[in-house]
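Given next are the chains, with one letter for each unit.
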Amino acid sequence: MKRQAGVVCVLLLLAAGTVCPAAAAAPDGAQARPRIRITYATPITQSDLFERGEKQVLTRFMAENPDVEVVARQIPFDNYDMQVLLAARAGRPPDVGRVNHSTVQTWAGAGYLVELDDFVARSTVIDPNDYWPGFWNICRIRGKLYAVPLGTDCRVLLCHVGLFRQAGVRPPRTWNELVEAARKIHRPHEKVYGIAFPTNNEWSATYDVIGNFLVANGGRIIDDDGTRGTIASDPRAAEAFRFVCELVTVHKVCPPGMANLGGDVIESLFVNGRLGMMVSGPWVRAGLHRLRPDFEWKIHYDMVPIPAGPATGRSGSSQGGWLIGVFQGSPHREAALRLLEYFSRPESFALMAGAENLPPRRAAMSLGPFQDPFYQVFFEQLPNARPPVALVPQLPNVARAIQRAYQRVVAGGAGVDETLAWLENELTNHLLR
Amino acid sequence: MGLLLFTPALAVIALLFILPVAYEIVISLYRSRVYEASDPFVGWENYRRLLRGGDFPESLGNTLWWTVGSLIGQGLIGVFLAVLLMRNLPGRGAIRTLLLSTWIMPGVVVGAIWRWMFDPIAGVLNALLAGVGLPECDFLGRVDTALASCIATNIWRGVPFWLLMVSARLQAVPQEFYDAAAVDGASGWRRFAHITLPQIRNIVLLCAMLSFIWTFNAFDLIYALTRGGPDIATTTIPMLIYESGIRNGHFGEAAAMSIVFLVLMAAAIAVFVRTSLSRQEEV
Amino acid sequence: MTRNALRAVGSFYLPVAIIGLPMLFPLYWLLATALKTPGEAFAIPPTWYPHDATIAGFRSVFSDGVFAQAIRTSLLVAGATAVFSVLVALCGGYALARLVFPLRRTGATTLLFTQLFPAAAILIPLYLFWSRVGLHSSRTALIITYLAQAVPVATWLMKSYIETIPIEMEQQAWIDGASRFRAFLHVVLPLAGPAVGATGMLAFVGAWNEFVFALTLTGTDPRMKTLPVAMVDFIGQHGIEWDRLMAAAVVATVPAVVLFFAAQRFFVQGLTAGAVKA
């Protein structure tokens, strides 16, 4: 009995001791003079990526603007959009933060972002003409500017030097050459594969699988009004879709599990000399190094632009990236705008080079880290790159439908034509309504 | 007096149930999308959309398979282990703790790990299969095996719950019952069937009900494993609600789905409670 | 080997091993991967044990102090949830098991109804509520939300366990002159030891593992992050930091397992020792 009473007492004390500090508001460290406190939202949660990238920009900004304190809110990527949306809906958005190029339409439409036309017109730092025009236009919704580009990316084709030499092939420049090279390299009983694409999240089918070839072929999945699906009726789009599916079903040059293949497995196959080709963006170097620190560009792998599409004869690539915007309802709009402008300096982009992105403006291309010839092929590819699908507000739905279509063919054994028809119908009659 | 004791629990009900239900019912009658500035009243339109087909029916089927399969697997293994671990042999405490320790990981992490273990190329399960000469399998990438694999993962995840709950109940069964039965010459199996089973019947039913509700509602595991794919082979209703409401920002449609879902489940629960409450003596 | 020992092995250790080892294998895999270098972790085919064991993953997980803080926060939040939910559940459970009062059946049913909503459906209204109250980024809001999730189940469990305690024992105590409360304390509570332990553990684990509300309600403030939130930080847009994630998962299991072990010995065995003598 005493023992039990003792236990209960201890527990109650524990509870009291734990709840009281929790209930008390955590006091701020006393500040000598009042500083404006603004929050900056970012999806970069890995500490070294953050330290090498945005943290440096924020530190310098605070040094040059001693009246402002910036607190970073790092939200995991998979939950980023949802968290910012919730916060905005509850009236507590961050003051300034990253906006995914695929979400800017939604947030602008919901009224969460501040219009920036006047600010940009007056700014001496942000020169609209210096930016990649395609990417700048993403920030324009219904004629008004709601964000400015922060970083962009595109994808290129990586070729394993050893396997290519062994098979006696050169990096492909057309789709047929790609199939040829993959066929010669593919030896499944030895666990060596021709080519692979990541497919384990809802966006990868759109951006990393179909998107590159779609853009290279000049095809469109949705018409520019965003009201109809055109993947079946646009022959160029259908051709691209058919091509990526047939790599798995007809030419059979891919590893097993293409319906749910992770990027890290692909990278591992690649560094271990088991994969001839892969498609990736500027972030690939860090990933490959983590697996094999001595795996180097030019020595072990080559990078070439995505092979030219048969309909256009030109290369193309999926373009993605991040924008930065100021949120409505922020009590410190002026300071937030200052931070936004600071991020848009070419020097800031040079500081952020470690964070998986390419600079969205040309003035930064020749600065610091971007002088590394590693980036050359990406800069070559950028003019041909665009977002693979029109950026409609229903984009998450659309991306999911594209993933489903791909999986239907690759994992479910459906035919390409019927799947194309299904996808177009799904888009036009359900998703884009 | 009874009501007074029950009041804190009632407060919980208000917060977690009445508030959201009211909110959801109201929102479900509007075309509310995050990127549209106005929320026009559309009455039953969101509900009609559900009935028109699309993914809802198949998701319901998936959800039922997922739930019932997980339930049966978890229950059988959990009860078996609990009964087994009643014997006071050396190492029992440590074994039980070890078996419970697999419970303490967030769903996202469990999903990430198992997804990797299932991987057809770099996964350890396929390596095991290859090691014993069996053909390798693309567990999560094929329409016919994806849901079963998810269920297997969920069984693994849920066993500790059953183990704990049934163990706690068995601990309070007086040893005399078993001793008396042994004196009367009853075999192990008869002791199990006639003493153990009746004693744990109520807790097993409750765990089944709770497990049913939680599994029905869970989606973090499946999401991490397959994102609902391939195609919609592993898409369950909570995932549809998440995709619709939070990822796409279609609040009205998601709310309608939530309400339909709620009604379906509420009926099952009402039946359970009726049977559970009526058969006990009131004091 | 003696016959008894053989029987013990055959009827206990062998079945336990047959079921237990496969169940524990992922845990072993977790530990092994945490000790491997990233390159070896993704070796194709996978290696069965670390050839080049390294604790670099563990070191990098603790390098910035956020993770250690997250452990403390999770212990606090989960602990508070466990303690308070057990207290409330004891009251409510006893009431449901033994007493008659208005709204009894409705109340009990509605308690279970609270479990019906998937987190996705509750998230928005709950966040709006906490936001309006001004507690949108606080551990208090999180604890109360977790309590709201844990109490209904805990109450039902308590009710279920208390029902199995023969009413005659309490009646005996009443006859001997004890009040209902003293009878509860001296008769019911000791016998409900395992129930208290199990319910507390359930509430603890529920709060320990929970992710969505933790992410939303603590505002990703590094001082207030719980463990699941800290772990998901290792999952980025373009890849997972497997070495850190695995190390984090291993480390995260330790405090909870220690607590389990203690709780098990205490509640499941300790309180009932010698308490039942019909």
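Residues numbered from 1 in each chain as written. Chains lettered and ligands numbered in written order. Predicted model: local features only at pLDDT ≥ 70, side-chain atom pairs only at ≥ 80, totals over all residues. Heavy atoms only, no water.

Asker: What is the right way to read the overall build of chain A from this model?
Answerer: Tallying secondary structure elements over chain A gives 18 helices and 12 strands in all. For 433 residues, the compact-globule formula gives about 22 Å, and the C-alpha radius of gyration of chain A, at 24 Å, lands near that figure. Principal axes of the C-alpha set define a box for chain A whose edges measure 75 × 70 × 50 Å. Here chain A holds 433 residues, and the buried ones make up 60% of them. (Helix = DSSP H or I, 4+ residues; strand = E, 2+ residues; numbered from the N terminus. Rg over C-alpha atoms; globule rule 2.2 N^0.38 Å. Buried < 20%, exposed > 50% of the residue type's maximum accessible area, 1.4 Å probe, protein only.)

Asker: Would you mind going over the sheet that holds strand β10 (residues 301-304) of chain A with me for this structure?
Answerer: In sheet architecture, strand pairing relies on hydrogen bonds along the backbone and comes in two forms, parallel and antiparallel. Residue and element names in this part refer to chain A. Taken in spatial order, the four strands make up an open sheet running β8-β9-β7-β10, and their pairing is mixed. A single partner strand is all that each edge strand has here, and the edge strands are β8 (193-196) and β10. Averaged over neighbouring strand pairs, the angle between their axes works out to 20 degrees when direction is ignored. (Pairing = 2+ DSSP bridges. Axes fitted to C-alpha atoms, helices over the stretch in contact; angles between N-to-C directions.)

Asker: What is the right way to read empty space enclosed by the protein from this model?
Answerer: Regions of empty space are outlined by a rolling probe, equal in size to a water molecule, passed over the atoms. Going through the model one piece at a time under the given rule, you end up with six cavities of 30 Å³ or more. Glu24, Phe251 and Ala254 of chain B together with Ala120 and Ile124 of chain C are, among the 13 residues lining the largest cavity, the residues nearest its centre. Of all the elements in the fold, those that place two or more residues in the lining of the largest cavity are α1 (2-27), α11 (237-247) and α12 (251-278) of chain B together with α6 (119-133) of chain C. Grouping the amino acids of the lining of the largest cavity by side-chain chemistry returns 10 nonpolar, two polar and one charged. (1 Å grid on protein atoms, 1.4 Å probe; cavity = no way out; pocket = protein on both sides within 12 Å on 5 of 7 lines; lining within 4 Å. Points joined across faces, edges and corners; volume = space filled by probe spheres on them. Nonpolar A, V, L, I, M, F, W, Y, C, P; charged D, E, K, R; others polar.)

Asker: What should I look at first to understand the environment of Gly61 of chain B in this one?
Answerer: Along the chain, Gly61 of chain B falls in helix α3 (residues 56-84). Here the alpha-carbon distance between Gly61 of chain B and Thr236 of chain B, two residues 175 residues apart in the chain, equals 8.2 Å.

Asker: What is the right way to read the domain arrangement of chain A from this model?
Answerer: As a measure of interface size, the accessible area lost when the parts come together is often cited. All names here are of chain A. Taken as a whole, chain A is organised into domain 1 (36-153 + 320-386) and domain 2 (155-318 + 389-431). On a C-alpha basis, the centroid separation for the pair domain 1 and domain 2 is 28 Å. In this assembly, domain 1 packs against domain 2 so that about 2200 Å² is buried in total across both faces, 60% of it on carbon and sulfur atoms. Of all residues in domain 1, the largest losses of buried area upon contact with domain 2 belong to Phe374, Gln381 and Arg386, amounting jointly to 34% of the total for that side. Along the contact surface separating domain 1 from domain 2 lie two salt bridges. (Domains from an automatic or database assignment. Buried area = accessible area lost by both parts, 1.4 Å probe. Salt bridge = Lys/Arg side-chain N within 4 Å of Asp/Glu carboxyl O.)

Asker: I would appreciate a short explanation of the pattern of salt bridges in the present structure.
Answerer: A side chain of one charge can pair with a side chain of the opposite charge if their charged atoms are brought near each other. Residues and elements named next belong to chain A. For the structure on display, the rule yields 35 salt bridges over all chains. Between Arg37 and Glu69 there is a salt bridge; the shortest N-O distance is 3.6 Å. Taken together, the residues span a long stretch of sequence, with Arg37 in strand β1 (residues 36-42) and Glu69 in strand β2 (residues 68-74) at a distance of 32 residues. The class of Arg37 is partly exposed, set by a relative accessible area of 39%. Residue Asp130 is joined to Arg361 by a salt bridge in which the shortest nitrogen-to-oxygen separation is 2.8 Å.

Asker: Explanation requested: α6 of chain C in the structure shown.
Answerer: Side chains that are three or four residues apart share a direction in an α-helix, a result of its 3.6 residues per turn. Residue and element names in this part refer to chain C. For α6, spanning 15 residues, the distance from its first C-alpha to its last is 20 Å, which sits close to the expected 21 Å at 1.5 Å a residue. Taking burial as the measure, the 15 residues of α6 include 11 buried ones, the bulk of the element. Among the residues making up α6, those that are buried are Ala120, Ala121, Ile122, Leu123, Ile124, Pro125, Leu126, Tyr127, Leu128, Trp130 and Ser131. One or two positions beyond α6, positive phi appears at Gly134, with a value near 90 degrees. (Expected span 1.5 Å × (residues − 1).)

Asker: Help me out: how do you make sense of the interface of chain B and chain C in this one?
Answerer: Facing 93 residues of chain B, the contacting portion of chain C comprises 98 residues. In total, chain B and chain C occlude about 9200 Å² of area from one another, counting both sides; carbon and sulfur atoms represent 80% of this. The tally of links between chain B and chain C comes to zero salt bridges. One can count seven residue pairs in polar contact (both at pLDDT 80 or more) joining chain B with chain C. Element by element, the count of residues in the side of chain B that touches chain C is highest for α1 of chain B, at 16 residues. In the side of chain B that touches chain C, the residues fall into 71 nonpolar, 13 polar and nine charged. (Contact = heavy atoms within 4.5 Å. Polar contact = N/O pair within 3.5 Å; in protein donor to acceptor, adjacent residues only side chain to side chain.)

Asker: Sorry if this is basic, but what is going on with the packing of helix α9 (residues 188-217) of chain B against helix α7 (residues 139-163) of chain C here?
Answerer: The relative placement of two packed helices comes down to the angle between their axes together with the axis-to-axis distance. The geometry of α9 of chain B relative to α7 of chain C is characterised by a closest axis approach of 10 Å and an angle of 165 degrees between their N-to-C directions. In terms of orientation, α9 of chain B and α7 of chain C fall into the roughly antiparallel class. Taken as a pair, α9 of chain B and α7 of chain C cross one another with a handedness that is right-handed. Of the residues in α7 of chain C, those in contact with Asn202, Ile203, Leu206, Leu210 and Trp214 of chain B of α9 of chain B are Val153, Trp156, Leu157, Ser160 and Tyr161 of chain C. Split by residue class, the contact of α9 of chain B with α7 of chain C holds eight nonpolar, two polar and no charged. (Parallel < 35°, antiparallel > 145°, perpendicular 65-115°, else oblique. Left-handed = near helix turned anticlockwise from the far one by under 90°.)

Asker: What am I meant to see in the packing of aromatic side chains here?
Answerer: In this description, an aromatic ring pair is defined by two values, namely the gap between the centres and the angle between the planes. Scanning the model with the defined rule gives 45 aromatic pairs over all chains in all. A centroid spacing of 5.0 Å and a plane angle of 20 degrees characterise the contact between Tyr40 of chain A and Phe343 of chain A, whose relative ring orientation is stacked. Here Tyr40 of chain A is found in strand β1, whereas its partner Phe343 of chain A is found in helix α14 (residues 333-343), with 303 residues between them in sequence. For Phe343 of chain A, a relative accessible area of 0% translates into the label buried. Judged by centre distance (6.3 Å) and plane angle (65 degrees), the ring pair of Trp203 of chain A and Tyr207 of chain A falls under edge-to-face. Taken as a pair, Trp203 of chain A and Tyr207 of chain A share a single burial class, namely buried. Within the aromatic cluster, the residues linked to one another by ring pairs are Trp116 of chain B together with Phe25, Tyr28, Trp29, Phe42, Trp48 and Trp242 of chain C. (Phe/Tyr/Trp six-rings, centres within 6.5 Å; stacked < 30°, edge-to-face > 60°.)

Asker: Which parts of the structure should I look at to understand the packing of helix α7 (residues 146-171) of chain B against α9 of chain B?
Answerer: Residue and element names in this part refer to chain B. Two numbers describe how α7 lies on α9: the axes approach to 10 Å, and their chain directions differ by 145 degrees. Classified by chirality, the crossing of α9 by α7 is right-handed. The segment α7 lies against α9, with Asn154, Phe161, Trp162, Met165, Val166, Arg169 and Leu170 engaging Thr196, Gln199, Ile200, Ile203, Val204, Cys207, Ala208, Leu210, Ser211, Trp214 and Thr215. Split by residue class, the contact of α7 with α9 holds 12 nonpolar, five polar and one charged.

Asker: Can you help me understand the interface of chain B and chain A in this one?
Answerer: Listed per partner, the contact involves 36 residues of chain B and 33 residues of chain A. Counting each side, the surface lost to burial between chain B and chain A is near 2800 Å², with a carbon and sulfur contribution of 49%. When the buried area of chain B at its contact with chain A is split by residue, Tyr35, Ile121 and Arg227 of chain B rank highest and sum to 24% of it. Across the chain B-chain A interface, the total number found is eight salt bridges. Here Arg227 of chain B ties to Glu202 of chain A by a salt bridge, and the two come within 2.5 Å at their closest N and O atoms.

Asker: Can you help me understand unusual backbone geometry in this one?
Answerer: Glycine aside, a negative phi is what most residues show, and trans is what most peptide bonds show. Residue Ile44 of chain C is joined to Pro45 of chain C through a cis peptide bond whose omega torsion reads 0 degrees. Relative to the helices and strands, Pro45 of chain C resides in the loop between α2 (38-41) and α3 (56-62). At Arg142 of chain A, a residue that is not glycine, the phi angle is positive and equals roughly 50 degrees. Within the fold, Arg142 of chain A resides in the loop between β4 (140-141) and β5 (144-145). Here the phi dihedral of Arg227 of chain B falls at roughly 60 degrees; this positive angle occurs in a residue that is not glycine. Structurally, Arg227 of chain B can be placed in the loop between α10 (220-226) and α11.

Asker: Help me understand a nonpolar patch on the surface, please; the structure alone is not making it clear to me.
Answerer: On the surface, Leu128 of chain B together with Tyr28, Trp48 and Tyr49 of chain C cluster together into a nonpolar patch covering about 400 Å² of accessible area. You can see Tyr49 of chain C is positioned in the loop between α2 and α3. Given the relative accessible area of 47%, Tyr49 of chain C is considered partly exposed. (Patch = residues over 30% accessible without salt bridge, like charges linked within 9 Å, V, L, I, M, F, W, Y side chains within 5 Å. Areas by Shrake-Rupley, 256 points an atom, 1.4 Å probe, with all protein chains shown as cover.)

Asker: What am I meant to see in helix α11 (residues 235-249) of chain A here?
Answerer: Residue and element names in this part refer to chain A. Counted at 1.5 Å a residue, the expected span for α11 with its 15 residues is 21 Å, and the 20 Å between its end C-alpha atoms agrees. Among the residues making up α11, those that are buried are Ala237, Ala238, Ala240, Phe241, Phe243, Val244, Cys245, Leu247 and Val248. Buried residues belonging to α11 abut α9 (175-185), β8, α10 (204-216), α17 (395-410) and α18 (416-431). Between the side-chain oxygen of the N-cap and the backbone nitrogen of Arg236 there are 3.0 Å, and the N-cap of α11 in question is Asp234.

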